[in-house]
Amino acid sequence: MNVLVVGGGAREHAICDAICRSKHADLFVVMSNRNPGIASLATDFLQEKETRVGAVVEYAKKHAIELAIVGPEAPLEVGLVNAFHEAGIQASSPTKEAARIETDKEWMRNLLKKYNIPGQLQFESFTTSKKAKVFIEKLNGDVAIKPIGLTGGKGVWVGGDHFKGIDGALEYISQVIDKKIGGHAKVLIEEKAVGEEFTLQAFSDGTSILPLHAVQDHKRLLPGDKGPNTGGMGSYSCADGLLPFLSKSEYEEGAAILQKIVEALKKEGCPYIGPIYGQFMLTADGPKIIEINARFGDPEAMNVLPLLEVDFVELCQAMIDGTLSQKKIKLKKKSTLCKYVVPEGYGVKSVAGKPVFVDEQAIQQAGSILFYASVNKENTTIYTTTSRSLAVVGIADTLLEADEQCEDALRNVKGDHIFIRHDIGTPELIEKRIQHMNELRGML
Ligand code: AMP
Ligand code: GLY
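Parameters and conventions
- Residues numbered from 1 in each chain as written.
- Chains lettered and ligands numbered in written order.
- Predicted model: local features only at pLDDT ≥ 70, side-chain atom pairs only at ≥ 80, totals over all residues.
- Heavy atoms only, no water.
- Helix = DSSP H or I, 4+ residues; strand = E, 2+ residues; numbered from the N terminus.
- Rg over C-alpha atoms; globule rule 2.2 N^0.38 Å.
- Buried < 20%, exposed > 50% of the residue type's maximum accessible area, 1.4 Å probe, protein only.
- Contact = heavy atoms within 4.5 Å.
- Areas by Shrake-Rupley, 256 points an atom, 1.4 Å probe, with all protein chains shown as cover.
- Lys, Arg positive; Asp, Glu negative; His and termini not counted.
- Charge placed at Lys NZ, Arg CZ, Asp CG, Glu CD.
- Pairing = 2+ DSSP bridges.
- Near = heavy atom within 4 Å.
- Polar contact = N/O pair within 3.5 Å; in protein donor to acceptor, adjacent residues only side chain to side chain.
- Nonpolar A, V, L, I, M, F, W, Y, C, P; charged D, E, K, R; others polar.
- Phe/Tyr/Trp six-rings, centres within 6.5 Å; stacked < 30°, edge-to-face > 60°.
- Lys NZ or Arg CZ within 6 Å of the ring centre and 35° of its normal.
- Salt bridge = Lys/Arg side-chain N within 4 Å of Asp/Glu carboxyl O.

Visitor: What is the right way to look at the overall build of the protein chain in this model?
Guide: Looking only at helices and strands, the protein chain has 15 helices and 25 strands in total. The C-alpha radius of gyration computed for the protein chain amounts to 21 Å, which stays within 12% of the reference 22 Å derived for 444 residues, consistent with globular compactness. Principal-axis analysis of the C-alpha atoms gives the protein chain an extent of 55 × 45 × 40 Å. Residue burial in the protein chain is summarised as follows: out of 444 residues, 58% are buried. Nonlocal contacts in the protein chain, meaning residues at least 24 apart in sequence, comprise 69% of its contacts between residues at least 6 apart. Summing over all exposed atoms, the protein chain offers an accessible surface of approximately 17,700 Å²; the carbon and sulfur share of this is 49%. Charge centroids of the protein chain, computed over 51 positive and 58 negative side chains, lie 4 Å from each other.

Visitor: Sorry if this is basic, but what is going on with the sheet that holds strand β3 (residues 44–47) here?
Guide: In a beta sheet, neighbouring strands pair by backbone hydrogen bonds and run either parallel or antiparallel. On the basis of which strands lie adjacent, the open sheet formed by 5 strands has the order β3-β2-β1-β4-β5 and parallel pairing. The outermost strands of the open sheet, each flanked by one partner alone, are β3 and β5 (90–91). Here 4 bridges tie strand β2 (residues 26–31) to β3, and the two strands are oriented parallel to one another. The residue bridging F28 from the neighbouring strand is D44, located in β3.

Visitor: Is there a simple way to think about the site of ligand 1 in this case?
Guide: Around ligand 1, the structure places 16 residues, and the nearest of them are E190, A193, E197, K219 and E291. The separation between a nitrogen atom of ligand 1 and a polar main-chain atom of E191 is 3.0 Å. Considering ligand 1 on its own, with 470 Å² of exposed area, one finds that the protein chains cover 94% of that surface. In terms of residue class, the shell around ligand 1 is built from 7 nonpolar, 1 polar and 8 charged.

Visitor: Please explain the packing of aromatic side chains as it appears in this structure.
Guide: Aromatic rings in a pair are described by how distant their centres are and how their planes are angled relative to each other. Summed over all chains, the structure comprises 6 aromatic pairs. Their ring planes at 40° and their centres at 5.9 Å tell us that F126 and F135 sit as a pair that is tilted. With a relative accessible area of 8%, F126 lands in the buried category. Here F135 falls in the buried class, since its relative accessible area comes to 5%. For the ring pair F198 and F280, a centre distance of 5.2 Å and an interplane angle of 20° mean the geometry is stacked. Taken as a pair, F198 in strand β10 (residues 196–205) and F280 in strand β16 (residues 273–283) lie far apart in primary sequence, 82 residues in all. What links up through ring pairs into an aromatic cluster is the set F203, F296 and F312. Looking at R295, its charged tip hangs above the ring of Y277, at a distance of 5.9 Å from the centre.

Visitor: Teacher, can you tell me more about the pattern of salt bridges here?
Guide: In a structure, side chains of opposite charge can pair up when their charged atoms sit close to one another. In this structure the tally under the stated criterion is 28 salt bridges. With its nearest N and O atoms 3.5 Å apart, the salt bridge here joins R220 to D161. Placement of R220 in strand β13 (residues 220–222) and of D161 in the loop between β8 (157–158) and α9 (165–178) is noted, with a sequence separation of 59 residues between them. The class for R220 is buried, based on a relative accessible area of 14%. D161 sits in the partly exposed class, given a relative accessible area of 42%. As a salt-bridge pair, E252 and K248 come within 2.9 Å of each other at their nearest N and O atoms. Here E252 and its partner K248 are both found in helix α10 (residues 248–267), 4 residues apart, which amounts to about one turn of the helix. The class of E252 is partly exposed, set by a relative accessible area of 41%. Assessed through its relative accessible area of 53%, K248 is described here as exposed. One network of salt bridges, with partners in common, ties together E196, D225, R421, D423 and R433.

Visitor: Explain unusual backbone geometry to me, please; I cannot follow it from the model alone.
Guide: With the exception of glycine, most residues fall at negative phi, and the peptide bonds are largely trans. In this chain, D298 is followed by P299 through a cis amide linkage whose omega measures 25°. When you line up the elements, P299 lands in the loop between β17 (286–293) and α11 (300–304). Even without a glycine there, the phi angle at A64 is positive, about 50°. Looking at where A64 falls in the secondary structure, it is placed in the loop between α3 (53–62) and β4 (67–70). One non-glycine residue, K180, lies in the positive phi region at around 50°.

Visitor: Even after reading the chapter, I still don't get the site of ligand 2, so can you show me in this structure?
Guide: Around ligand 2 sit D217, K219, G231, Y277, N293, R295, G297, D298, P299 and E300, and those are all the residues in its vicinity. In the environment of ligand 2, a nitrogen atom lies 2.8 Å from a nitrogen or oxygen atom belonging to the side chain of D217. Here ligand 2, which alone exposes 200 Å², has 93% of that area covered by the protein. A per-class count over the shell around ligand 2 returns 2 nonpolar, 3 polar and 5 charged.

This is how it looks when you write it as structure tokens:
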């Protein structure tokens, strides 16, 4: 079967890797950069902007694509999956109507409210900072300020972290409205949830879901969770599918929320086909919904996809056929630790176009997996862009071993202008998270 993947990041490299492990697939790719890892796996690829719907569909038709998988959110928002359907190509990714769950944060919050889904936060949207003031005052400035549309994970500002007090909040609100950050002259304000974040990804066939291992991402740029939000600097998961601070019943609460969202989308007339991503804050009062994404997470895809022991293409087909409930998910009982290598200045002002030297063989010998992201290969040299460069994933029985393996592998990535958050998944940081949750639970 000819399978098309759209996207050229590390998440898509992990998707391509899962496809190539299937006995069914011949891989074709459309990506805006020339990801060397993907290029070496693909039968053929086109370097093209992923949101150029016409060009992507034309390429798919030319190569008799039978199944398409869209990695990033931007092509979902412009209706690439709808265009595939019109061309008679099946896709295990959501239509633009179903993807609104990610691309319109206000619509998402209203959907949760309409269907009385657990894990909600207080919210309101505003078109002027004057009107927003009353709501912020009511919440004592403990709010998260969000552009309505997509901002690549970098548009959310949280009280106490990114701004101080009510004046700080109003200043950012004016910016979002005046500059139409996220595409609208409007802002969403949410109650700030306090706790530890976790990600739960699941496959959905529009009716039922199959959830994967929980993952913890690290959005902040700097060690100790300091600095601006990024697309994600690294992530870990544990062999038992839970997290050191997350119990089985809390995991199940998260999965039940995703199931209810899938049911709500079906009732709204836009059944959700594809991987669905829940970002939760585990609070003293249980999991609260921070955001829902219409795709795999990046980096979280790299934690779960390498663990799949069932045929990924068969799962994609089952999502399309509505037969997921007849499938069982089998994941290796291993812990994973993913650390991103990013260009110096990433998250503020990236230093792009610098060479990175990667010893692929040594990384493999260390037992780790290398996923290339936003880099370009010219002749034999790999150059950074302004986005994340590559990720290394350690996979072992325990988190500690996965960390050692990941760090061993990272010694084989060299460059004068790169940055890595080495503290992700270390015992010190994990202990801090457990303590944090214990303190919050003690407050109940
Ligand atoms: P998002 O792009 O919606 O994932 O937001 C980026 C980050 O901002 C999240 O990963 C959280 O760390 C934080 N955040 C977003 N919304 C909230 C909220 N309501 N309360 C607390 N933190 C939040
Ligand atoms: N890891 C965050 C995201 O994929 O949106």
